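As a plain string of letters, each chain reads:
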Amino acid sequence: MFSRDRWNEILEALNANKLRTFLTAFGVFWGIFILVALLALTNGLRTGVTTGFANGATNSMFMWGQSTSMAYKGLNKGRPVQFKLEDVEALKQNIPALQYVSPRLQLGGFRGANNVTRNEKTGAFGIYGDYPEYIHQEYMDIIKGRWINYSDINAKMKTAVIGTDVVKSLYDIGEEPIGTYIKINGVNFKVVGVFQNPNTQGDSEEEANNIFIPFTSFANAFNTGNNVGWMAITAYDHTSITSLKPQVLSIMREQRGVHPDDQRAIGNFDKAEIFARFTGLFDILGFVGYFVGALVLLSGGIGISNIMLIVVKERTNEIGVRRALGASPWDIKSQILQESLVLTIVSGLAGIAAAAGLIWVMNYILDQSGPVENFANPSVNITVIIIALIILIIAGLLAGFIPASRATQMKPVDALRTD
């Protein structure tokens, strides 16, 4: 391995036919390039999609009332299902594995009719009535002031936490919003906090246009009584919300007098199930990346093996002379294997370098153009590189094994006689 003469012989053998050497090495180069590039693209998709999920508790579901599709206990088909506050307590008491059950109320919507005023400025914003636990289900960065607390809930305080885009719409540049008042549908609320959504993709603009007020204050100010618009439900990490969903829906049907088989009466969105589907999809894409890259590498290894067989045939006389001068079969075999390894590893490392350059270019373009929805930070970790190097070494050894064995099977006398 450390013999200078051996390395000189290897370089001379590879330089003897440069075009053939290049075409042979290109198969390995392209295989490792495809492998690393596909895995980087898959990770970019995985990162982009999971970023949206990462801004909230993934082990969650949302549930809302719709209309019944079956008559039940004297109640007509088609009646609306309205959740109540007692339903929240029923879920908490009957399913201990639920970490948070947050009732929610909503007024207005993003880019709807103007519903908030401050002095002479007006704006259309989503108004939500929530409990303090909701910030653990949909994450927000409180950049000024505070979030809703139970003092606000119990005293029905008219406090509000507003998004950064609300500040831009209702306040002058540099004006401090904390402690000021905004008027929501004619009712004054004191601003106690400002938030920004950690999500920089998708609906971040919509989220930044939201205003959160205490659930009890919402009910008192806008006369919703003990009604609940919908619920955000999160299970403890050791239990999947998907496994609890049938029990949750069953309890809610019983609470609201809905037929046990009525599947339309209560709508739901299982965030954990969707997240699991995406995770499974990206695992499959990762496997496809490895599989395709391995196949291309295999074809490159076969090409190297074929070329090394030709090289062995061309150097039959040389091998015969070396055997006659006392070279052992292992000396001959090790040189052929070393030539195969050098060709494989050098071309493979060039493929890794080219793929790294492509990844850098993609990240540079993303940095310059801004975030792209569902795609971010394409990259591969060091484990992938180590695996690629191991694949290269194995491919190089396999590619050189048959030619090396063929070379050592020659008798010195027969080798010397070959023209």
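Higher on the page you've got the structure.
Residues numbered from 1 in each chain as written. Predicted model: local features only at pLDDT ≥ 70, side-chain atom pairs only at ≥ 80, totals over all residues. Heavy atoms only, no water.

A look at the pattern of salt bridges
Then comes step 1: With the rule as written, the count across this model stands at 12 salt bridges.
Then comes step 2: Two residues, K121 and D172, come together in a salt bridge whose shortest N-O distance is 2.6 Å. Of this pair, K121 sits in strand β5 (residues 121–123) while D172 sits in the loop between α5 (164–170) and β9 (181–184), placing them 51 residues apart in sequence.
Then comes step 3: Linked through salt bridges whose partners overlap, the residues forming this network are K245, D270, E273 and R277. (Salt bridge = Lys/Arg side-chain N within 4 Å of Asp/Glu carboxyl O. Helix = DSSP H or I, 4+ residues; strand = E, 2+ residues; numbered from the N terminus.)

Let's talk about helix α7 (residues 215–222)
Then comes step 1: α7 sits mainly inside the fold: seven of its eight residues count as buried.
Then comes step 2: Residues F215, T216, S217, F218, A219, A221 and F222 constitute the buried set of α7.
Then comes step 3: Just downstream of α7 lies N223, where phi reads positive at about 55°. (Buried < 20%, exposed > 50% of the residue type's maximum accessible area, 1.4 Å probe, protein only.)

Some words on the side chain of H259
Then comes step 1: Examined against the element boundaries, H259 turns out to sit in the loop between α8 (241–255) and β14 (266–270).
Then comes step 2: Within the structure, H259 has its side chain in polar contact with the backbone nitrogen of D261 (distance 3.0 Å).
Then comes step 3: Filtering out sequence-adjacent residues up to four positions away, H259 remains in contact with M70, A71, Y72 and R253. (Polar contact = N/O pair within 3.5 Å; in protein donor to acceptor, adjacent residues only side chain to side chain. Contact = heavy atoms within 4.5 Å.)

A look at the environment of I178
Then comes step 1: Of note, I178 is situated in the loop between α5 and β9.
Then comes step 2: Taking the relative accessible area as the measure of exposure, I178 reaches 32% and is therefore partly exposed.
Then comes step 3: Residues I178 and A160, 18 residues apart in the sequence, show an inter-C-alpha distance of 9.7 Å.
Then comes step 4: The residues touching I178, leaving out its near neighbours within four places in the chain, are K144, G145, V191, V192, G193 and V194.

Some remarks on the nonpolar core
Then comes step 1: Core analysis: the largest hydrophobic core is formed by 64 residues, its most contacted members being M63, L91, I182 and I211.
Then comes step 2: V28, I32, L35 and A388 belong to the second-largest nonpolar core, a separate cluster that totals 13 residues. (Core = buried A, V, L, I, M, F, W, Y, C linked by side-chain atoms within 4.5 Å.)

Some points on unusual backbone geometry
Then comes step 1: Non-glycine residue K156 carries a positive phi angle of around 55°.
Then comes step 2: The exposure class assigned to K156 is partly exposed, which follows from its relative accessible area of 43%.
Then comes step 3: The backbone phi angle of N185 is positive, close to 50°, even though this residue is not glycine.
Then comes step 4: Position of N185 relative to the elements: it lies in the loop between β9 and β10 (187–196).

Interpretation in functional terms is not warranted from these geometric data alone.
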